[in-house]
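Residue strings, one per chain:
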There are 2 protein chains.
Amino acid sequence: MGKRHVSLKDLAKELNVSISTVSRALKDHPDISNALRTKIKKLAAERNYSPNPLAMGLLKQATRMIGIIVPDLVSHFYSSIISGIESVAADKGYFVVIANSNERYEKEKESIENLLKARVEGLIVCMSCETSDTAHFRQLVQKGIPLVMFDRVCLPNLIPAVVADNAEASQKIIQHFYDRGYRRIAYVSGPEQMNISQERLLGYRAGLKACSLEPDPALVEFCDLSFESAKAAMKRLLQLANPPDAVYGINDTVAFGLMNAIKEAGLRIPEDTGVVGFTDEFHSTVVSPPLTSITHPTFEMGQKTAELFFKHLNSDVPPETIVLKTQLIERLSSSK
Amino acid sequence: MGKRHVSLKDLAKELNVSISTVSRALKDHPDISNALRTKIKKLAAERNYSPNPLAMGLLKQATRMIGIIVPDLVSHFYSSIISGIESVAADKGYFVVIANSNERYEKEKESIENLLKARVEGLIVCMSCETSDTAHFRQLVQKGIPLVMFDRVCLPNLIPAVVADNAEASQKIIQHFYDRGYRRIAYVSGPEQMNISQERLLGYRAGLKACSLEPDPALVEFCDLSFESAKAAMKRLLQLANPPDAVYGINDTVAFGLMNAIKEAGLRIPEDTGVVGFTDEFHSTVVSPPLTSITHPTFEMGQKTAELFFKHLNSDVPPETIVLKTQLIERLSSSK
DNA sequence: TCAATTCATGCAAAGCTTTGCGGAAAGCTT
DNA sequence: AAGCTTTCCGCAAAGCTTTGCATGAATTGA
């Protein structure tokens, strides 16, 4: 039950030289003679030496860890984005530590605390849908802690961010519905305080206007982003005196909830009700009928977010917001 | 742009006492007088002191990090298990660091290296489907590094593990098909070296026998677990002179691939071909028709795995394998 | 042969925390 | 008043690495 890792000290003792000599030899410092250098390097390789990151962290005040806070770990959207972040971070020799806010404001604040206590070098955050007070983020900026947000963002003048072009995507959806002959188009949004809810609502309205459709407030519903609440929202829409013939859900889970309610009501998709989602490739091909949707380039969004993070970690550039273009993939759920 | 975190030293200097006094006061050591203790605690709270985990790690040789290696970050199965692990780890004050083997043997070995270099205290692993050589795991055990596996496991006498009762689940599926009137039941497995492939195959055969059905080797297909390869496997099955009237896929992605191929062939589910998956709740309700499946209790599996990990981290108990019971949830895809 | 370089290596501090041990001051007893 | 016990606190080491400065030896030039 010996020590698990060899240290410079161990190597030094074995070769009867000082720790600093070993350290220098290993990093090709010119002060060390060739003979000794090769001898030290050989032993280090044999013993499988690797520098202790704790010691390095202490010395350099850098842990090479970056904290991620997501509202939910399980859905494809976030795991895919995390995957994208992780791939870039790994390239730079960074680890990611993931915390889950579970869509709760309190948990989000707590996660920030914990990650800072763990000495992450900075944070990448997607806000919980409950969060409307942004003081905790402003504080991070004030303390000079690197922070980048994605998808659900706030304080764009203070905090670098990566988002989808939400308004434009919404408009494309409305236009698409219109082209397919749908005329009463509903939108099931998330909580009002979320930037994505707002932006997509603006796009929705702009889209209606562009198609010369009369906006009807009754066709805009809100839900808490859960499958069940989306289903309930759809049920309310279907009970309207003049129900929609098409509906657009703010994300994948919501779209599935909508489809479920429509089917349970005995209506056909896309004949009676068209559906479009804001979602990622995989799911949409699995549901039936295949779901027309905006492809959110999730993996890429993760990569871009990580790149932006590293940019701001190393230099003091002003915050920028990267807007990713989306694409509408037409499938069966919206082709009357 | 001062230091980001206050240290004991900072507090000590401010109060003109020694570092050790501050340290002791903060942990209620009896040697410190009441008056001084409260004064120190007050300042610590004000300054938002939290002990530096790097220093602690160095001192205690414990990083409170646990490494997880999964074959894939994006699928619901793994993200849900990770979520379960994380919830238990967080309770114990541990962080999880996640590495993705991408179903590749080489990447798996590399991830082990990297996580050890990062000084995780132990590893939780689900093997890549490529992995058949288990020397790298045996090495970990020899080095005394805590290791627990889940779902796809190996060396059960050496390595503690959490698995589903695969054989029994398979049998239940066959029995279920039989009860619904299906008679030519196919099984689309994963790579042969995987324990889950083997165990479920055994259960499949036992199930056929219990139902007095003749096993037909042509009805067992293998795939690499991807949607596409599952689809290809199903196409091969459908081209048989005597194609199956029911098929069982080794996991969710595979089952979706099967359904896709069946639909493309113009066959109806469940009338022409019954389908059962080995999957998790959410997806199965979203596809059409809803997929009958074995519920893999993923979140719980993650929790149990983490609990087992901590058990073995702290004491030297012999390896045990925890077998989780599964449940067959009947939905439309298998009810002729 | 002595002084002046050059070359190779070691010392020690810093980064932060815990903890055994020793020390000083105060209070008590006789 | 001297000695003893409490009570309270600081020193220093360990855990690991990097790096400026110092030291020692060896080599060169005069």
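In this numbering scheme, every chain counts its residues from 1 along its sequence in written order. Naming scheme: in the order in which they are written, chains are lettered from A and ligands are numbered from 1. Only residues with pLDDT of at least 70 get local features here, since the model is predicted, and only at 80 or more are side-chain atom pairs given and counted; chain-wide, interface and lining totals rely on the full set of residues. Only hydrogens and water are set aside; all other atoms, that is, all heavy atoms of the structure, feed into the side-chain values.

### Some thoughts on the interface of chain A and chain B
Reports of interface size often rely on the accessible area that becomes lost once the parts have come together.
Next up, step 1: Any two residues having at least one pair of non-hydrogen atoms within 4.5 Å are treated as being in contact. On the side of chain B, 47 residues touch chain A, which itself brings 45 residues to the contact.
Next up, step 2: Here the buried area means the combined drop in accessible surface, using a 1.4 Å probe, for two parts upon being joined, counting both sides. Both sides of the chain A and chain B interface together cover about 3,900 Å² of buried area, and 65% of this is carbon and sulfur.
Next up, step 3: A pair is scored as a salt bridge if a Lys or Arg side-chain nitrogen falls within 4 Å of a carboxyl oxygen belonging to Asp or Glu. Across the chain A-chain B interface, the total number found is zero salt bridges.
Next up, step 4: Under the rule applied, a polar contact is a pair of N or O atoms within 3.5 Å (in protein, one hydrogen donor and one hydrogen acceptor; residues adjacent in sequence only if both atoms are side-chain atoms). Summed over the shared surface of chain A and chain B, the result is four residue pairs in polar contact (both at pLDDT 80 or more).
Next up, step 5: The way it works is that DSSP assigns letters per residue, a run of H or I at least four long becomes a helix, a run of E at least two long becomes a strand, and they are numbered from the N terminus. Elements supplying a minimum of two residues to the side of chain A that touches chain B: α4 (53-60), α5 (76-91), β2 (95-100), α6 (105-117), α11 (252-264) and α12 (281-286) of chain A.

### A word on the protein's contact with DNA strand C
Next up, step 1: The immediate surroundings of DNA strand C are formed by 30 residues, with A:Ser18, A:Thr21, A:Arg24, B:Leu8 and B:Tyr49 found nearest.
Next up, step 2: Consider each residue's heavy atoms; a residue with any of them within 4 Å of a molecule or strand counts as near. Backbone atoms, meaning sugar and phosphate, make up 63% of the atoms of DNA strand C lying within 4 Å of the protein.
Next up, step 3: Between a base oxygen of DNA strand C and a side-chain N or O atom of B:Arg24, the distance comes to 2.9 Å.
Next up, step 4: At a separation of 3.4 Å, a phosphate oxygen of DNA strand C approaches a polar backbone atom of B:Asn52.
Next up, step 5: Of all the elements in the fold, those that place two or more residues in the surface near DNA strand C are α2 (19-26) and α4 of chain A together with α1 (8-15), α2 (19-26) and α4 (53-60) of chain B.

### Things to note about the pattern of salt bridges
Residue and element names in this part refer to chain A.
Next up, step 1: Going through the model one piece at a time under the given rule, you end up with 32 salt bridges over all chains.
Next up, step 2: Where Glu-330 meets Arg-180, a salt bridge forms, and the shortest distance between an N and an O atom there is 2.7 Å. Here Glu-330, found in the segment after β12 (327-329), pairs with Arg-180, found in the loop between α8 (166-179) and β6 (185-189); they are 150 residues apart in sequence, far enough to count as distant.
Next up, step 3: Since its relative accessible area comes to 39%, Glu-330 is described here as partly exposed.
Next up, step 4: Connected through salt bridges with shared partners, the residues Glu-14, Lys-42, Glu-46 and Arg-47 form a single ionic network. Three exposure classes are used, based on accessible area relative to the maximum for each residue type with a 1.4 Å probe and protein chains only: buried under 20%, partly exposed in between, and exposed over 50%.

### Comments concerning the sheet that holds strand β9 (residues 274-279) of chain A
Residues and elements named next belong to chain A.
Next up, step 1: Only when DSSP finds a minimum of two bridges between them are two strands counted as paired. Strand order in the open sheet formed by six strands is β7-β6-β8-β9-β10-β12, and the pairing between neighbours is mixed. Each having just a single partner strand, β7 (220-222) and β12 make up the two edges of the open sheet. Direction aside, the axes of adjacent strands within the sheet are offset by 20° on average.
Next up, step 2: Of the pairings in the sheet, the one linking β6 to β7 comprises three bridges and is parallel in character. When the bridges of β7 are listed, Ser-189 appears paired with Phe-222.
Next up, step 3: Packed on one face of the sheet, α8 meets β6, β8 (246-249), β9, β10 (292-295) and β12 and runs near 160° to β9. Note on geometry: axes are C-alpha line fits, over the in-contact stretch for helices, and angles between N-to-C directions span 0 to 180 degrees.

### Re the domain arrangement of chain A
Residues and elements named next belong to chain A.
Next up, step 1: Taken domain by domain, chain A holds domain 1 (8-51), domain 2 (63-163 + 298-325) and domain 3 (166-297 + 328-334).
Next up, step 2: Using only C-alpha atoms to locate each centre, domain 2 and domain 3 end up separated by 28 Å.
Next up, step 3: At the junction of the two partners, domain 2 supplies 16 residues and domain 3 supplies 13 residues.
Next up, step 4: Counting each side, the surface lost to burial between domain 2 and domain 3 is near 1,300 Å², with a carbon and sulfur contribution of 54%.
Next up, step 5: The interface formed by domain 2 and domain 3 includes zero salt bridges.
Next up, step 6: Counting the contacts that link domain 2 with domain 3 gives eight residue pairs in polar contact (both at pLDDT 80 or more).
Next up, step 7: Broken down by secondary-structure element, the contributors of at least two residues to the side of domain 2 that touches domain 3 are α5 and α13 (298-314). Either an automatic procedure or a domain database provided the assignment from which the domain bounds are taken.

### Focus: the relation of the copies chain A and chain B
Note that the two copies of the chain are related through a rotation about an axis and a translation along the same axis.
Next up, step 1: When the copies are overlaid, the least-squares fit takes in C-alpha atoms only where the residue has pLDDT of at least 70 in both copies. When chain A is fitted to chain B, the residual RMSD is 0.1 Å, and the transformation amounts to a turn of 180° plus an axial shift of 0.1 Å. Such a combination of rotation and displacement between the chain copies is what one expects of a two-fold axis. In terms of C-alpha distance to the rotation axis, chain A has A:Val287 as its closest residue, with the C-alpha 2.2 Å off the axis.
Next up, step 2: Most of the interface of chain A is mirrored in chain B, where 100% of its interface residues are also at the interface.

### Concerning the sheet that holds strand β7 (residues 220-222) of chain B
All names here are of chain B.
Next up, step 1: Taken in spatial order, the six strands of this open sheet run β7-β6-β8-β9-β10-β12, and their pairing is mixed. Strands at the two margins of the open sheet, each flanked by one partner only, are β7 and β12 (327-329). Strand after strand, the sheet turns through a mean of 20° between neighbouring axes, direction not considered.
Next up, step 2: Strand direction decides the pairing type here: strand β10 (residues 292-295) and β12, joined by three bridges, are antiparallel. Considered in β12, the bridge of Thr-295 is made with Gln-327.
Next up, step 3: In the packing of helix α10 (residues 227-238) onto the sheet, contacts are made with β6 (185-189), β7 and β8 (246-249), and the angle to β7 comes to roughly 150°.

### A closer look at the side chain of B:Glu103
All names here are of chain B.
Next up, step 1: Considering the arrangement of structural elements, one finds Glu-103 in the loop between β2 (95-100) and α6 (105-117).
Next up, step 2: Here Arg-152 takes part through its side chain, which lies 2.9 Å from a polar atom of the side chain of Glu-103.
Next up, step 3: The residues touching Glu-103, leaving out its near neighbours within four places in the chain, are Pro-71, Ser-128, Cys-129, Glu-130, Arg-152 and Leu-225.

### Section: the protein's contact with DNA strand D
Next up, step 1: In the region of DNA strand D, 29 residues are neighbours, and A:Leu8, A:Tyr49, A:Leu59, B:Thr21 and B:Arg24 sit closest.
Next up, step 2: Among all atoms of DNA strand D positioned within 4 Å of the protein, those belonging to sugar or phosphate total 65%.
Next up, step 3: In this structure, A:Lys9 approaches DNA strand D through a side-chain N or O atom, which is 3.4 Å from a phosphate oxygen.
Next up, step 4: Contacts to DNA strand D include A:Asn52, whose backbone N or O atom sits 3.5 Å from a phosphate oxygen.

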